[in-house]
Amino acid sequence: MDDVTLAHPLVDAVGPGFVVHETDAAVVECSSERTGLLLEARRAGVVAVLLTPVSSRLTAAMSAMLRRTASSWVVREGDRYRAAGADVVADDVATAMLAPQTVTRSAAIGPGAVPWVEALVSVHHPASEAATLGRTAELLLAGLGDVGDVGLEAWGTVEPATLAWSVAEVTAFARRRAPRPTRLVAVAPTAGGVASVQLRIERSATGVTEETRLVLPRPAPSDGLPPDDDVPTVLADLAQRQRVLLGTAWRTSGHPDATVSAHQLPLPVPLGAVVGAAAVRDLGIDPRTLPTGARAVGPARVPSLVLDPTPDDVRSGVVLSRGADAEARWRRLAQLGDALGPRAVELLGFGDRR
């Protein structure tokens, strides 16, 4: 493909099939200008490359936007280049961009990083004036985050979020945009740093689907694990309060301010999941014959399932290393997947970083 010209002020260089946006920002946020560039590049059929120093970090929202638009993050190492998640150091951006991911994922916590809980929950709302948006994020934070009386602090369409958090305002904004989809960001100060929330709201055939992605730093001693045994309970409570379609929660890691470094590629460790009532019905799962680690919640006629991959050793009080805990949780999740069937495995995206 010939070199491409994209008329955008953030384009600093072009190459065959890609454009480069270069920044020296210590923290790269999902600003309106960067969001516009990534979306415009995707529509034009070219890859947007974010080029930064190796010391730069990305916000959780910016990292998700790169994944959503199939964009690439490349860092400078002296006068050479390396794609985030790759070991290959190349002489030019194009070669680095195309290098395969070679860094081995690990449950170990990298320099300056802390454990995170990452939750992704999709909820159905009937098409009615009573529907409110943003409550899922509030409930997750209230259950999982040490946020005191503050809760969510600010929201906006891009970063930095500057509007005072309000479920009523978020709901009204999404209604004004309908039937167009709405994407929002929100933040909350926590005892461990800053929690990051991303919302995606769009019409469905029967109402509105609200997807909430929460990144919650949960610091723990360097030789210990965060107290993640509350995650299945919080997911079960959420499933009884809202019409959850699907929810998953994972332990990962990053910086306390909800940013990631180019050299960090954590192994996601499963903490819990919710399979909503509609999916339980579609998958043909009999809630009367559930495997160990799965339980029904909600109305008996239309129950949801909560999956808890907590290892038996941990339940009985045994303290495992990070690596042993990760291995045991993945083994338990695989057993649950085998019992529930391959369609459930595919639905939950076991092993997939979404």
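It should be noted that the structure appears before, not after, this text.
Criteria and cut-off values
- All residue numbers here refer to positions counted from 1 along the written sequence of the relevant chain.
- Predicted model: local features are reported for residues with pLDDT of at least 70 only, side-chain atom pairs are reported and counted for 80 or more only, and whole-chain, interface and lining totals are derived from all residues.
- Hydrogen atoms and water are omitted, and side-chain values are computed over all heavy atoms in the structure.
- Each pair of aromatic rings taken from Phe, Tyr and Trp, with Trp reduced to its six-membered ring, is defined by centres within 6.5 Å and is described as stacked if the planes are under 30 degrees apart, edge-to-face if over 60, and tilted in the remaining cases.
- Helix and strand assignments come from DSSP, with helices taken as H or I runs of at least 4 residues and strands as E runs of at least 2, each series counted from the N terminus.
- Each residue's exposure class comes from its accessible area (1.4 Å probe, protein chains only) as a fraction of the maximum for that residue type: buried when under 20%, exposed when over 50%, partly exposed otherwise.
- Following DSSP output, two strands are said to pair if at least two bridges run between them.
- Whether two residues touch is decided by their heavy atoms; if any such pair falls within 4.5 Å, the residues are in contact.
- Here, axes are lines fitted to C-alpha atoms. For helices the fit covers the stretch in contact, and angles between N-to-C directions go from 0 to 180 degrees.

## Overview of the packing of aromatic side chains
Here comes step 1: Going through the model one piece at a time under the given rule, you end up with two aromatic pairs.
Here comes step 2: Note on tryptophan 155 and phenylalanine 173: the rings are 5.7 Å apart at their centroids and 65° apart in plane angle, and the pair reads as edge-to-face. With a gap of 18 residues between them, tryptophan 155 in strand S9 (residues 154-156) and phenylalanine 173 in helix H5 (residues 167-177) connect regions that are remote in the sequence.
Here comes step 3: For the ring pair tryptophan 250 and tryptophan 330, a centre distance of 5.6 Å and an interplane angle of 40° mean the geometry is tilted. Of this pair, tryptophan 250 sits in strand S14 (residues 243-254) while tryptophan 330 sits in helix H9 (residues 322-340), placing them 80 residues apart in sequence.
Here comes step 4: The buried category is assigned to tryptophan 250, whose relative accessible area is 3%.
Here comes step 5: For tryptophan 330, a relative accessible area of 21% puts it in the partly exposed group.

## Some remarks on the sheet that holds strand S5 (residues 57-59)
Here comes step 1: Strands sit in the order S3-S5-S15 across an open sheet of three strands; the sheet is mixed. Every interior strand has two partners, whereas the edge strands, strand S3 (27-28) and strand S15 (259-261), have only one.
Here comes step 2: Along the sheet face, helix H2 (residues 60-68) touches S3, S5 and S15 and points at about 85° away from the line of S5.

## A closer look at H2
Here comes step 1: Counting buried residues in H2 gives seven out of nine residues, a clear majority hidden from the surface.
Here comes step 2: Within H2, burial applies to Ala60, Ala61, Met62, Ser63, Ala64, Met65 and Leu66.
Here comes step 3: Just beyond H2, the residue with positive phi is alanine 70, at close to 55°.

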